[in-house]
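Here is how the chains run, residue by residue.
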Amino acid sequence: MAVLPVVFYHAAIPGPSGGYIGVDVFFVISGFLITRIVADEIARGTFSLTGFYERRARRILPALTAVVAGTLAMGWILLLPGELRDLGRSALAAALFLSNVFFQQTLNYFDGGEFAPLLHTWSLAVEEQFYLFFPPLLALLIGRSGRRTAIKVVVLLSFLSLAFAVALLPSRPSAVFFLIFYRAWELGIGALLALASLPVVASRSLREALGGAGLLAILVPVFAYDTTTPFPGLAALVPVLGAAGLIYVGGLTGGSTVSRLLSLRPIVWVGLVSYSLYLWHWPIMVYLRVLTARAVLSVEVGLVAVAASVLCAWLSYRYVERPLRRKPPEGFGRKPVFALSLAGIAAMVVAGGTFWAMDGAPHRMPESARKLADARLDLRPGSLACFQKLPADGLCEIGAPAADASPMDFLIWGDSHAVVMLAGLDATAKAAGKRGLVAGKTACPPVWDVRELPGLPACARLNASIHTLLAERSDLPLVILAARWPLWVEGRGFRGEWNGRVRLEWVGAAEAHPAGGDNAAILNAGLERTIAAIRATGREVVLVGSVPEVGWHVPNELARRAMLGLPDPPGITRKDVQQRSARTEAILQTHAAAQDGVRYIPLTPAFCASDTCSIRDTAGVPLYIDDDHITRTASETLLRDALARIWSERDTRSQAALSGGAGERALGRTKP
């Protein structure tokens, strides 16, 4: 019930979109088992920290050392220097049981971790940190004040952990996900099951009801949750309580049909190899993603990954785990176990530190591959910093230089796709003698009355500040909206780029709530109200379309294949882009046609001049810094003509308007 949902979720098998909750089930089980073992030994007077850590070392370190060694070896062959350097850092963190802290500081579990081969060790770090502080605390509490005091302390700590997790999830989601303080309540629920003297449920019908409810409380989130579910926090309570219910019914009150089902031999066998299965499945899937250039495995490759993971898990259990668990005379004594454990930790530290110190061994790559990989660095200096500012901080300026007090000609407002267009906008604005301000934030659509779930406070603050800015200023006659529109409309990444979902929510007036409620309807309604609000201030609006999405990290994958001597991944065609952007194009074109003072400038033609769309320039240099953001060079060259239309078409319209006004005055048809 713990490992299989996680494995199927990571393999992108259709259905278990919330399979990540298996880790939470595991935390409850771990808290229960460890606490029961320690509490029973304390009661018998046989508990010792040395004996406890010996058992943990036998259980955890052999398979972990083998997996880290295999992962580092495969990484040397397949990974680019930056990726190998980060793998070395994560191996070092795994050896020191600090993976959760490392990954909390470096990535997002649901977005960006698909190519981190040791990401899954974060949960082992949480468990090990629990082992470090909880058994000594439990021994102290029971030894000095008794079991009832220990229960009270665990209840208090668990309550505080859950309360802080719920309170801080909106503002610090990564910390709440990875760090033990915000996960301790899940382990604490299991610990309370082991410590409390709960009544035995004599009624079979009640046991069956509790067992069924516990199973449903796990299975429903497995299939109902997804990457847009605010997690952990209150949403984690459902599977956690479900796991607690199954433990209570199955292990403490005589069992039920569900507990007997979970005792079937195939399920018991999965439980035996579950630790090795958890350890091996993730690196296998990461390296298959690397080889296929897809963050999301196809169903066929996912099934192969599951089969390979099960095979490696059985071999690891049979030949790595079991031999080290045996005690004399067949196995190792305490001193050899500690010596081997320290040697394994030292080996991981040295290997990981070496990869880090070597900066990922760039000498493994030919110069041609390095140049391809360097395209990911082709960003306009300062652009990212500009998209962290609110108007109160002083927005960045682009375009033609002018006196500080002179009026601004435009505002560019958008998400990260607007960031990478700044170089081209800056150049064309200078050529047209225009000057403007830059506002936006990554993952924040430039639309009022709409928010992405779970709501990001920073996006709300930014959008509110733009509303105030336009209300207070009399300049900025042109507002440019640029975003990755197809992502917001469709709610999913392109091809195998990402396994998550983007879900939009209407936060505007209830009477204006769009019918339907899918992303496309919500974005369309929000864009309509945004354009209307901007036009009501007398300003013009330009909607800038999106560049074609590729679905794989262009510079990294081109460089990797050059390094390995493999052909490039499949490119994209005009038909691919049209299918992906059909609804988006309809929305943007409709808004441009429906109102005066609103224009739409598509960017796809600049990339798709023929049936095949360009991902390299004529010199073979990548046009993208990743799978969907273009390079500075592409913005300045390939998009130059399209972006120049922002200014040229506006000037043409202004001249036409002036000419028409003069004619009307000559005919006496204008007001004085």
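Criteria and thresholds
- Per-chain numbering applies: the sequence of each chain, read as written, is numbered from 1 onward.
- Where totals are concerned, whole chains, interfaces and linings use all residues; where local detail is concerned, this predicted model gives features only for residues with pLDDT of at least 70, and gives and counts side-chain atom pairs only at 80 or more.
- Hydrogens and water molecules were not included; the side-chain quantities draw on all heavy atoms of the structure.
- Disulfide: a pair of cysteine sulfur atoms within 2.5 Å of each other.
- Strands are runs of DSSP state E lasting at least 2 residues, helices are runs of H or I lasting at least 4, and numbering of each runs from the N terminus.
- When accessible area is computed with a 1.4 Å probe and restricted to protein chains, residues below 20% of their type maximum are described as buried, those above 50% as exposed, and intermediate ones as partly exposed.
- At least two bridges found by DSSP between two strands are what make those strands a pair.
- Think of each axis as a best-fit line through the C-alpha atoms, taken over the contacting stretch in the case of a helix, with angles from 0 to 180 degrees between the N-to-C directions.
- By the convention used here, residues are in contact when the closest approach between their heavy atoms is within 4.5 Å.
- The rule is short: rings of Phe, Tyr and Trp, with Trp giving its six-membered ring, pair when the centres are within 6.5 Å, and they are stacked under 30 degrees, edge-to-face over 60, tilted in between.
- When the NZ atom of lysine or the CZ atom of arginine is within 6 Å of a ring's centre and also within 35 degrees of its normal, the charge is said to sit over that ring.
- By this rule the span expected of a helix is its residue count minus one, scaled by 1.5 Å.
- Across the chain, bend at a residue is computed as the angle between axes fitted to the seven residues ending at that point and the seven starting from it.
- Nonpolar cores were defined as sets of buried Ala, Val, Leu, Ile, Met, Phe, Trp, Tyr and Cys residues, with membership established by side-chain atoms within 4.5 Å.
- Each reported salt bridge corresponds to a side-chain nitrogen of Lys or Arg within 4 Å of a carboxyl oxygen of Asp or Glu.
- Residue type decides the class: Asp, Glu, Lys and Arg count as charged, Ala, Val, Leu, Ile, Met, Phe, Trp, Tyr, Cys and Pro as nonpolar, and the leftover types, Gly among them, as polar.

1. Concerning the state of the cysteines
Line of reasoning, step 1. Going through the model one piece at a time under the given rule, you end up with 3 disulfides.
Line of reasoning, step 2. Here Cys-386 engages in a disulfide with Cys-396; their sulfurs sit 2.2 Å apart. Since a negative S-S torsion denotes a left-handed disulfide, the Cys-386-Cys-396 link at about -95 degrees is left-handed. Within this pair, whereas Cys-386 is found in helix H17 (residues 383–386), its partner Cys-396 is found in strand S1 (residues 396–399), the two being separated by 10 residues in sequence.
Line of reasoning, step 3. Note on Cys-386: relative accessible area 8%, which makes it buried.

2. Remarks on the sheet that holds strand S5 (residues 478–482)
Line of reasoning, step 1. The 6 strands lie next to each other as S1-S3-S2-S5-S7-S8, forming an open sheet whose pairing is mixed. Edge positions in the open sheet fall to S1 and strand S8 (598–601), since each of these has one partner strand only. Going across the sheet, the axis of each strand differs from the next one's by a mean of 25 degrees, ignoring polarity.
Line of reasoning, step 2. By the bridge criterion, 4 bridges tie S1 to strand S3 (residues 435–440) in an arrangement that is antiparallel. Its bridge partner lying in S3, Glu-397 is registered against Leu-437.
Line of reasoning, step 3. In the packing of helix H19 (residues 422–432) onto the sheet, the strands contacted are S1, strand S2 (410–414) and S3, and the crossing angle to S1 comes to about 55 degrees.

3. Points about the packing of aromatic side chains
Line of reasoning, step 1. A full pass over the atoms with the stated rule returns 22 aromatic pairs.
Line of reasoning, step 2. Ring centres of Trp-76 and Phe-355 lie 5.6 Å apart, and the angle between their planes is 40 degrees; this geometry places the pair in the tilted category. Placement of the pair is Trp-76 in helix H3 (residues 49–78) and Phe-355 in helix H15 (residues 334–357), with a sequence separation of 279 residues.
Line of reasoning, step 3. We classify Trp-76 as partly exposed; its relative accessible area is 33%.
Line of reasoning, step 4. Between Phe-130 and Tyr-131, the ring centres sit 6.2 Å apart and the planes meet at 55 degrees, which makes this aromatic pair tilted. Just as Phe-130 is buried, Tyr-131 falls in that class too.
Line of reasoning, step 5. Through a chain of ring-to-ring contacts, the aromatic side chains of Phe-52, Tyr-53, Phe-130, Tyr-131, Phe-133 and Phe-134 assemble into a single cluster.
Line of reasoning, step 6. The positively charged end of Arg-183 is found above the aromatic ring belonging to Phe-177, 4.7 Å away from the centroid.

4. Observations concerning helix H9 (residues 180–195)
Line of reasoning, step 1. In this model H9 runs 21 Å from its N-terminal to its C-terminal C-alpha over 16 residues, within 8% of the 22 Å that 1.5 Å per residue would give.
Line of reasoning, step 2. Roughly 30 degrees is the biggest bend found in H9, and it falls at Glu-186.
Line of reasoning, step 3. For H9, the buried fraction is high: 13 of the 16 residues fall into the buried class.

5. Digging into the side chain of Glu-497
Line of reasoning, step 1. Relative to the elements of secondary structure, Glu-497 occurs in the loop between helix H21 (485–490) and strand S6 (503–506).
Line of reasoning, step 2. Non-local contacts of Glu-497, meaning those with residues more than four positions away in its chain, are made with Ala-295, Val-296, Arg-484, Gly-551, Asp-627 and Asp-628.

6. Here we look at the nonpolar core
Line of reasoning, step 1. Judged by nonpolar contacts, the single largest core of 111 residues is most densely connected at Leu-64, Tyr-109, Trp-122 and Phe-178.
Line of reasoning, step 2. Of all hydrophobic cores here, the second largest spans 51 residues; its members include Ala-429, Ile-601, Leu-643 and Trp-647.

7. Observations regarding unusual backbone geometry
Line of reasoning, step 1. Phe-231 connects to Pro-232 through a cis peptide bond whose omega is -10 degrees.
Line of reasoning, step 2. Among the structural elements, Pro-232 can be located in the loop between helix H10 (204–224) and helix H11 (234–252).
Line of reasoning, step 3. Even without glycine at this site, Phe-97 takes up a positive phi of about 55 degrees.
Line of reasoning, step 4. Within the secondary structure, Phe-97 is located in the loop between helix H4 (81–95) and helix H5 (99–106).
Line of reasoning, step 5. One non-glycine residue, Asp-359, adopts positive backbone phi at about 55 degrees.

8. Considering the pairing of S2
Line of reasoning, step 1. For S2, a buried count of 5 out of 5 residues is recorded, marking the element as mostly surrounded by other parts of the structure.
Line of reasoning, step 2. Judged by which residues are buried, S2 turns out to be covered on both faces: Phe-410, Ile-412 and Gly-414 on one side and Leu-411 and Trp-413 on the other are all buried.
Line of reasoning, step 3. Where S2 meets S3, 5 bridges bridge the pair, whose relative direction is parallel. Opposite Gly-414, over in S3, you have Gly-440 as the bridge partner.

9. Description of the pattern of salt bridges
Line of reasoning, step 1. For the structure shown, the criterion picks out 34 salt bridges.
Line of reasoning, step 2. With its nearest N and O atoms 3.5 Å apart, the salt bridge here joins Arg-89 to Asp-86. Taken as a pair, Arg-89 and Asp-86 lie in helix H4 at a separation of 3 residues, close to a single helical turn.
Line of reasoning, step 3. Taken together, the shared-partner salt bridges in this structure form one network comprising Arg-484, Glu-497, Glu-549, Arg-580 and Asp-628.

10. A look at the packing of H4 against H5
Line of reasoning, step 1. The N-to-C vectors of H4 and H5 enclose an angle of 145 degrees; their axes lie 7 Å apart at closest approach. The segment H4 lies against H5, with Asp-86, Arg-89, Ser-90, Ala-93 and Ala-94 engaging Ser-99, Phe-102, Phe-103 and Thr-106.
Line of reasoning, step 2. Of the residues belonging to the contact of H4 with H5, the class tally is 4 nonpolar, 3 polar and 2 charged.

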